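Each chain, letter by letter, is given below.
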Amino acid sequence: MLGFVDRLLAKATGPVVLGLCGAQGSGKSTLAAAVARAVPDTVILSLDDLYRTRAARRDLAATIHPLFATRGVPGTHDVDLGIATLDALRAGARIRLPRFDKAVDDRVPDGDVAEAGAVRLILFEGWCVGARPIADADLAEPINALERNEDGDGRWRRSWNAALAGSYQALFARVDRLVLLEAPGWETVLRWRTEQEQTLRAAGASGPGVMDDAAVARFIQHYERLTRHILAEMPGRADLVLPLDERRSLRAA
């Protein structure tokens, strides 16, 4: 990964936006932090930090579909904020980065400050960074209990897929190169995400965003369809694919 970044920066004439996509629990944040420690003048922006506020998601739930109250799928992010943030970082502006606290399930007012003109590498990481929309015909049948019981007519999944096909493509167009952390399969993702939440609880976190194992199992179903699509489609076009085993280590070639 660091060799890839070094080669990328050696050819660059300005700040580079490197997209890092990976399923929940795959280690995106850990990898991004390691790269930031090794590469001076790196800023990390997480797609998670662009989540809409709880109040805004309640409005989406009331006007579009109740499932939009839950953060995660396209439509639950402030895309305009993401575009403005990436454009400001690329322009060398001094800005305060957005931040989202998952424990309280809401945006927090004060993020880190990116100093003017100091950025060489912008790591834009997130579970669906760089994703492309799913064909309409492939949305017809529910793929899990959540879709079957709470989105039987497909309105929710068609809505988030339309958002992905629209404004999210403008956001992802800011990405210069795309790296995929490739999970071994969907079944592993649930275990990884459960482990994440167990670690959060063990650290004493509390609030409406902290989940027990049963809540995680339901929560992760919001992500299943698009995660499966990414794992099937993105490896063929990502600039770098890092295949992972079940322990999140790189698989042997």
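Just above sits the structure.
Residues numbered from 1 in each chain as written. Predicted model: local features only at pLDDT ≥ 70, side-chain atom pairs only at ≥ 80, totals over all residues. Heavy atoms only, no water.

1. Topic: the overall build of the protein chain
Then step 1. Scanning the protein chain from terminus to terminus reveals 10 helices and nine strands.
Then step 2. Its C-alpha radius of gyration of 18 Å places the protein chain within 12% of the 18 Å reference for a compact globule of 253 residues.
Then step 3. Seen along its three principal axes, the alpha-carbon backbone of the protein chain occupies a region of about 50 × 45 × 40 Å.
Then step 4. Across the 253 residues that make up the protein chain, the buried fraction comes to 48%.
Then step 5. Counting every atom, the protein chain has about 11400 Å² of accessible surface; 50% of that belongs to carbon and sulfur.
Then step 6. With 33 positive and 34 negative side-chain charges, the protein chain shows a spacing of 2 Å between the two charge centroids. (Helix = DSSP H or I, 4+ residues; strand = E, 2+ residues; numbered from the N terminus. Rg over C-alpha atoms; globule rule 2.2 N^0.38 Å. Buried < 20%, exposed > 50% of the residue type's maximum accessible area, 1.4 Å probe, protein only. Areas by Shrake-Rupley, 256 points an atom, 1.4 Å probe, with all protein chains shown as cover. Lys, Arg positive; Asp, Glu negative; His and termini not counted. Charge placed at Lys NZ, Arg CZ, Asp CG, Glu CD.)

2. Things to note about the pairing of strand 1 (residues 16-22)
Then step 1. Burial of strand 1 is extensive: seven of the seven residues sit out of reach of the surface.
Then step 2. Burial along strand 1 is two-sided: V16, L18, L20 and G22 facing one way and V17, G19 and C21 facing the other are all buried.
Then step 3. Relative to strand 7 (residues 121-126), strand 1 runs parallel, the two sharing six bridges. Within strand 7, the position partnered with C21 by the bridge is G126.
Then step 4. Of the strand pairs in this sheet, strand 1 and strand 8 (residues 177-182) are connected by five bridges, and their pairing is parallel. Within strand 8, the position partnered with G19 by the bridge is L178. (Pairing = 2+ DSSP bridges.)

3. Digging into helix 10 (residues 221-233)
Each full turn of the α-helix corresponds to 3.6 residues, which orients residues three or four apart in the same direction.
Then step 1. Taking 1.5 Å of rise per residue, the 13 residues of helix 10 would be expected to cover 18 Å, and the 19 Å separating its terminal C-alpha atoms lies within 8% of that figure.
Then step 2. A large share of helix 10 lies buried, amounting to 10 of its 13 residues.
Then step 3. When we look at burial in helix 10, the residues that qualify are Q221, H222, Y223, E224, R225, L226, T227, H229, I230 and L231. (Expected span 1.5 Å × (residues − 1).)

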